Amino acid sequence: MGENSTDRRAVVVEDDADMRILLVRTLQRHGFDVAEADTGADGLRLVREHSPDLVTLDLNLPDLDGTEVCRRLREFSNAYVVMITGRADEIDELMGLQIGADDYISKPFSPRTVQARIEAMFRRPRPATQQAAPPPAVVLEAAPAPTTPTPTTPGLVAAAPSPAAPDGERMAHGPLVVDVDARQVFVDDEELLLTRTEFDLLALMVGSPRRVWTREMLLRSVWGDEWASDEHLVEVHVGNLRRKLGDRGRNPRFIRTVRGVGYGMVAAPS
């Protein structure tokens, strides 16, 4: 995301005037056409009107709670959502991610922090259009192959990371089916509604079902190099993904934890 970015729209939903100005100016400097709101209701209206690529959403709004705004927004928009919170405790962070947010930023923060986080998100494959939910099939560019070196941790499969599935491929792992082009996931022929990040994680792991992924490898492959130290982010998203897949207890159906290493796919039934 650079100074000459074009045709990118953002909505800033923030009731603190000084913070709102900071966010608006930061995004404008990096090529976004920005609309702003100081209430959740106005923010939802602007998202409907502008179909933005990005929404920054304060957790503490005077009318609707930010998590409720995010839930409602996800019914009709696939914009990147960054939750902004002045409460840095884990509960708020987890809540924001569980209801469809792509990231969170704790106050106070610098414009450089906002820029780095958004640049990392926009490097991920993105649908060509945004449409009301449930979204139709959309064509994406294939995600680049992860560039992390092959790990030497005992128990890992010594193979180079597999590239994303080619256009049109439907990857199957037992009753789990991942449609890469349409960005749809089905379990037992029932579609699951995943966030963009959850889909990226699942597609990466299903594409290399024998591989065990360290948290750092997942961070670098899905979020980018800037995030290599934030392993908690992986744990939150994998936890949300497992919940949606129905993985519970010590005998998960799809995603297993490799203690001291990371995550991998449970062997598919033959």
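Report on the accompanying structure.

About the cut-offs
- Residues numbered from 1 in each chain as written.
- Predicted model: local features only at pLDDT ≥ 70, side-chain atom pairs only at ≥ 80, totals over all residues.
- Heavy atoms only, no water.
- Helix = DSSP H or I, 4+ residues; strand = E, 2+ residues; numbered from the N terminus.
- Buried < 20%, exposed > 50% of the residue type's maximum accessible area, 1.4 Å probe, protein only.
- Contact = heavy atoms within 4.5 Å.
- Areas by Shrake-Rupley, 256 points an atom, 1.4 Å probe, with all protein chains shown as cover.
- Pairing = 2+ DSSP bridges.
- Axes fitted to C-alpha atoms, helices over the stretch in contact; angles between N-to-C directions.
- Core = buried A, V, L, I, M, F, W, Y, C linked by side-chain atoms within 4.5 Å.

In this section: the overall build of the chain. Assigned secondary structure in the chain consists of eight helices and twelve strands. Counting only residues that meet the buried cut, the chain has 52% of its 270 residues in that class. Within the chain, contacts between residues separated by at least 24 positions form 59% of all contacts whose residues are at least 6 apart in sequence. For the chain, the computed accessible surface area is about 12,900 Å², with 48% contributed by carbon and sulfur atoms.

Moving on: the sheet that holds strand β4 (residues 80-85). Spatially, β2-β1-β3-β4-β5 is the arrangement adopted by the five strands of the open sheet, whose pairing is parallel. Each end of this open sheet is capped by a strand with a single partner; those strands are β2 (32-37) and β5 (103-106). With direction set aside, neighbouring strand axes in the sheet form an average angle of 20°. Inspection of the sheet shows strand β1 (residues 8-13) paired to strand β3 (residues 54-58) by four bridges, in the parallel sense. Paired with V12 across the two strands is T56, which belongs to β3. Of the strands in this sheet, β1, β2, β3, β4 and β5 are in contact with helix α5 (residues 111-122), which crosses β5 at around 175°.

The subject of this paragraph is the nonpolar core. Counting residues in each nonpolar core, the largest one holds 51 residues, and the members touching the most others are V55, L57, L176, L202, L245 and I255. Among the elements that line this core, the one with the most residues is helix α6 (residues 196-207), at seven residues. With residues up to four places along the chain from it excluded, the contact list for L176 reads M171, V185, F186, V187, L202, V206, L245, F254 and M265. Ranked by size, the runner-up nonpolar core spans 18 residues in total, among them A10, V24, V114 and M121.

Here we take up the sheet that holds strand β11 (residues 255-258). Across a sheet, paired strands are connected by hydrogen bonds in the backbone, their directions being either parallel or antiparallel. Here three strands make up an open sheet; going across it, the order is β10-β12-β11 and the pairing antiparallel. Each end of this open sheet is capped by a strand with a single partner; those strands are β10 (212-214) and β11. The average undirected angle you get between the axes of adjacent strands in this sheet is 30°. Bridge count for β11 against strand β12 (residues 262-265) is four bridges, and the pairing is antiparallel. Pairing of R256 across the sheet is with G264, part of β12. Seen against the sheet, α6 touches β10, β11 and β12 and runs at an angle of roughly 65° to β12.

What follows is about the pairing of strand β8 (residues 184-187). Covered by surrounding structure in β8 are Q184 and F186 together with V185 and V187, the residues of both alternating faces. As paired strands, strand β7 (residues 176-179) and β8 are joined by four bridges and run antiparallel to one another. Bridge assignment links D179 to a residue of β8, and that residue is Q184. Adjacent in sequence and paired antiparallel, β7 and β8 are bridged by four residues, among which R183 carries a positive phi angle near 50°. Bridge count between β8 and strand β9 (residues 190-192): three bridges; the pairing is antiparallel. Residue V185 lies in a different strand from β9, and its bridge partner there is L192. Linking two consecutive strands that pair antiparallel, namely β8 and β9, is a turn of two residues; a positive phi of about 55° is found at D188 within it.

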